[in-house]
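Coordinates in review
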Amino acid sequence: MLRWLVGDDPRAVGDEPDVRFSFANERTFLAWNRTALALIGVGLAVANLLPPFRVAGGRRMVALPLILLGGYVSIRSLRDWAANERAIRTGRALPRSPLAVVLSMAVAAVAVVAVLLGAFATQR
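What this report covers is the structure whose coordinates are included nearby. Quick caveat, the model's predicted, so the values are computed rather than measured.

About the thresholds
- Residues numbered from 1 in each chain as written.
- Predicted model: local features only at pLDDT ≥ 70, side-chain atom pairs only at ≥ 80, totals over all residues.
- Heavy atoms only, no water.
- Helix = DSSP H or I, 4+ residues; strand = E, 2+ residues; numbered from the N terminus.
- Rg over C-alpha atoms; globule rule 2.2 N^0.38 Å.
- Buried < 20%, exposed > 50% of the residue type's maximum accessible area, 1.4 Å probe, protein only.
- Axes fitted to C-alpha atoms, helices over the stretch in contact; angles between N-to-C directions.
- Parallel < 35°, antiparallel > 145°, perpendicular 65-115°, else oblique.
- Contact = heavy atoms within 4.5 Å.
- Nonpolar A, V, L, I, M, F, W, Y, C, P; charged D, E, K, R; others polar.
- Core = buried A, V, L, I, M, F, W, Y, C linked by side-chain atoms within 4.5 Å.

**So, the overall build of the protein chain**
Across its full length, the protein chain carries four helices and zero strands. What you see in the protein chain, going N to C, is helices and strands ordered as α-α-α-α. Against the globule reference of 14 Å for 124 residues, the protein chain gives a C-alpha radius of gyration of 19 Å, more extended than a compact globule. Along the first, second and third principal axes, the C-alpha atoms of the protein chain reach 65 × 25 × 25 Å. Taking all 124 residues of the protein chain together, 26% fall into the buried category.

Below, the structure is given as structure tokens:
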């Protein structure tokens, strides 16, 4: 396990929980990683498939934040999985995660940039 990222193995603390809770935690982790892969894929598609904007580097202004956001979501979801697993095993409340808010705000910001760039797109 990557101690520098998630600390000690979360499965080594507390009591073994009802397996349904661990599976639900794992499904949530996998869902966040599907989201991360989608963000990275969309970022790569924007960079390579959209027609150029009139603004120099316009495609990169949309693509790179999506790719970086995908990387952030992937790493953050691993940290959240570990924190949730520890909480489940020790009987504590699940910690709050900023992931949903960060993802929503970042996607909204990228959408605003894309709309602004699209407003200046060349007409063919």
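Following the structure, the description resumes.
**Regarding the packing of helix α3 (residues 58-90) against helix α4 (residues 99-119)**
Where α3 meets α4, the closest approach of the two axes is 10 Å, and the angle between their N-to-C directions is 175 degrees. Classified by the angle their axes make, α3 and α4 are roughly antiparallel. In contact with Gly58, Met61, Val62, Pro65, Leu66, Leu69, Tyr72, Val73, Arg76, Ser77 and Asp80 of α3, α4 contributes Leu99, Val102, Leu103, Ala106, Val107, Val110, Val113, Ala114 and Leu117. For the contact of α3 with α4, the per-class residue count stands at 16 nonpolar, two polar and two charged.

**As for the nonpolar core**
The biggest cluster of nonpolar side chains holds 13 residues, and the ones touching the most others in it are Leu39, Val62, Leu66, Leu69, Val73 and Leu103. Those elements that provide at least two residues to this core are α2 (19-49), α3 and α4. Considering each element in turn, this core owes the most residues, five residues, to α3. Setting aside its immediate chain neighbours within four residues, Leu39 contacts Leu66, Ile67, Leu69, Gly70, Val73, Leu103 and Val107.

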